[in-house]
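Remarks on the overall topology
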Amino acid sequence: MSDESIQREPGGKPAIAVEGLAKRYGDFEAVRGLDFEVSAGEVVGFLGPNGAGKTTTMRMLTGFIPATDGEARIAGHDIFAEATEARRAVGYLPEAPPLYPEMTPASYVDFVARLKDVARSERKTAVERALTRCGLLSVRHREIRQLSKGFRQRIGLAQAIVHEPKVLVLDEPTVGLDPIQIREIRALIADLAATGGQTVLLSTHILAEVEAICQRVILINRGRKVLDRPIAELTSDGTSIEEVFTRVMTRDETSLGSEAGESR
Amino acid sequence: MTHTLTIASRELRSLFVSPVAYVVLTLWSVIAGTFFLASLIGFQERLIQLQQYQMLQQIELMNLNDELIEPFIGSMWVILLFLLPAVTMGLVSSEKANGTDELLLTSPISIWDIVLGKFLAGAGFVTVMTLIVSFFPAILFVYGEPEVGKTLSGLACLLLVSVTYVAVGVFASSVTRSQLIAFVLTLVLLVMLGMMLPFIVDITMAGSGLGRDSAIAEAVRWMSTGSHVDRMLQGLVDTADLAYFAISSAAFLLLSKTVIESTRWR
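Residues numbered from 1 in each chain as written. Chains lettered and ligands numbered in written order. Predicted model: local features only at pLDDT ≥ 70, side-chain atom pairs only at ≥ 80, totals over all residues.

1. With respect to the overall build of chain A
Quick reminder of the rule: We count a stretch as a helix when DSSP gives it H or I for four or more residues in a row; a strand needs E for two or more, and each element gets its number in order from the N terminus. We take the radius of gyration over the C-alpha atoms and set the globule estimate at 2.2 Å times the residue count to the 0.38 power. Using C-beta atoms placed from the backbone, we call a residue buried if 20 or more other C-beta atoms fall within 10 Å of its own, exposed if 12 or fewer do, and partly exposed for counts in between.
Check the secondary structure of chain A and you find nine helices and ten strands. Since a compact globule built from 264 residues should have a radius of gyration of about 18 Å, the 19 Å found for chain A is in line with a globular shape. With the C-alpha coordinates of chain A rotated into their principal frame, the extents come out at 60 × 40 × 35 Å. Here chain A holds 264 residues, and the buried ones make up 45% of them.

What follows is the structure, encoded as structure tokens:
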């Protein structure tokens, strides 16, 4: 790994800083006043039931959709005021990998490298490195449409890392993969954080995944944060991570229920 | 600018490997060939007729430009109205359907890069279509002596119209994620712009009492491509007509940019 890829934020600034982030769709509040920070080099699991606002939050962080309210900084760049810099600093794998089925992995990753402003002199190496890391060398000249879901997910990951972003935002990177592919993708993500010093925010439903690769977990429910703790702390008393989550979720749902009851 | 070209070249490569491009180019070539042959046979028959009646004066007046090339390019323009929507329908809509809009909109590029990239790719494609058409008048230069200037202005006119229509297509393609809807919308817009506007204006203006020569009627007639095309096909290259093509392209591209930007805010 080259030295520049291990750059951390100077002065210990958080790689991701989110303050009061909110998104409303008409009357529906998808995300309400979310606050959290992720420091450089950290791997954080972003958990929550379906519809909790994980994807919406990630889409706001990556600049795909604008936030209704609140602030967010990626590697110190405000996602609104310095949108271009913030986008350059982030690698994003959406829920469905954004692929052109008629392209080959090699040409596709090269296309993304151009979009992400990888310098012309470094582009070839960057593409090569991304393809190698994601295990795509054997299929690099095949059409994407002919490739399996596992390969497509890896191509999605390759496009997210090709410009060596400081921050990786991965929306359910292992969904729909078989157990072996899941293990490979997890190993790859862990490796990226360990050797590339990249900060990773990944969403998932799978608790085991969080335990396997994340140092910290942020649990959200109905657009609000309900838990933000290091994994080690959560399971230190011997309880399984599953129990912890069930407890937190039940408590949250009950309190929401009683709130609703009072207001009626 | 580099981003615009990046998007344009990717799109162009994808266009040329898409089945729809092959269908369009094949149909376009076959239709062009058929029309050209028909025009050629018509020209010859008229010539023979005139010779039989010994109408030497009319034979003098007959020329390849007015009676063969101009009507030929004119009919290709009409075919274009119906074929071009198939080329442009996927330009932006397929990005939404593929989910690749999420890649483009989270990249450090501007929406203009996307809009202009798509427009350039479409313009590249219609350049190929125009080259196919120009092959046929080129044959005439081997056997006859058509006017170079007039022929070139006719072909330039076809290219300009096509490029303007690509801008319309980019717009229609950016309002929806469905290629079918984009196709129908482009077709409707092109038929309106290309052929229907003058008729609609005549009918409504006559009924509204404003008269056919009112300012609105003139304005709407100006918006129609028909009159501008006719003049250019006759070899009259007027800056007013060139401005028409530039303004309409710019207007539709601006609309596309606005649409893409606003869908993000929903």
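2. Notes on the sheet that holds strand β7 (residues 167–171) of chain A
Residue and element names in this part refer to chain A. This is how the line gets drawn: When DSSP finds two or more bridges between a pair of strands, those strands are recorded as paired. Lines fitted to C-alpha atoms define the axes here, with helix axes fitted over just the stretch in contact, and angles between the N-to-C directions of these axes take values from 0 to 180 degrees. Two residues form a contact once the distance between their C-beta atoms, set from the backbone, is within 7 Å.
Across the sheet, six strands lie side by side as β6-β7-β8-β3-β9-β10; this open sheet has mixed pairing. The open sheet has two edge strands, β6 (90–93) and β10 (224–230), and neither has a second partner. Looking at each pair of strands side by side, their axes are set apart by 15 degrees on average, direction ignored. Of the strand pairs in this sheet, strand β3 (residues 43–47) and strand β9 (residues 216–221) are connected by four bridges, and their pairing is parallel. Directly across from Leu47, in β9, lies its bridge partner Leu219. Strands in contact with helix α6 (residues 179–196) are β3, β7 and β8 (199–204); relative to β8, the strand with the most contacts, it is inclined by about 155 degrees.

3. Let's talk about the interface of chain B and chain A
The figure often quoted for interface size is the accessible area lost as the parts come together. As a reminder, the rule being used: Gly falls in the polar group here, along with every residue not listed as nonpolar (Ala, Val, Leu, Ile, Met, Phe, Trp, Tyr, Cys, Pro) or charged (Asp, Glu, Lys, Arg).
Every contact between the two is made by 18 residues of chain B and, on the other side, 21 residues of chain A. For the side of chain B that touches chain A, the secondary-structure elements that each account for two or more residues are α1 (2–17) and α6 (101–105) of chain B. Among the elements that take part in the side of chain B that touches chain A, α1(B) stands out by supplying five residues, more than any other. In terms of residue class, the side of chain B that touches chain A is built from six nonpolar, nine polar and three charged.

4. A closer look at unusual backbone geometry
Most of the time, phi is negative for any residue but glycine, and the peptide bond is trans. Residue and element names in this part refer to chain A. You will see that Asp117, though not glycine, has its phi angle at about 65 degrees, which is positive. Relative to the elements of secondary structure, Asp117 occurs in the loop between α3 (105–115) and α4 (120–133). Although it is not a glycine, Arg222 sits at a positive phi angle of roughly 45 degrees. Within the secondary structure, Arg222 sits in the loop between β9 and β10.

5. Regarding the confidence of the model for chain A
All names here are of chain A. What counts, and what does not: Every residue gets a pLDDT, meaning the predictor's confidence in that residue, from 0 to 100.
Scored by pLDDT, chain A comes out at a mean of 86, with 92% of its residues at no less than 70. Confidence scores differ between elements of chain A, with helix α9 (residues 241–263) showing the lowest mean pLDDT of 72 and α3 the highest of 96. Residue range residues 1–11 is modelled with pLDDT below 50. Its contacts to residues more than four positions away, or to other chains, number 14 contacts.

6. Focus on the confidence of the model for chain B
This prediction gives chain B a mean pLDDT of 89; 96% of its residues lie at or above 70. In the model output, the complex is listed with pTM 0.89 alongside ipTM 0.87.

7. Details of the sheet that holds strand β4 (residues 69–74) of chain A
Hydrogen bonds along the backbone pair up the strands of a sheet, which may run parallel or antiparallel. All names here are of chain A. Spatial ordering of the open sheet is given by β2-β1-β4-β5, a layout of four strands whose pairing is antiparallel. Looking at the sheet topology across the chains shown, the edges are occupied by β2 (28–39) and β5 (77–78). Both strand β1 (residues 14–25) and β2 contribute to a ladder of eight bridges, which runs antiparallel. Paired with Lys23 across the strands is Val31, a residue of β2. Those strands touched by helix α1 (residues 54–61) are β1, β2 and β4, and its axis lies near 120 degrees from that of β1.

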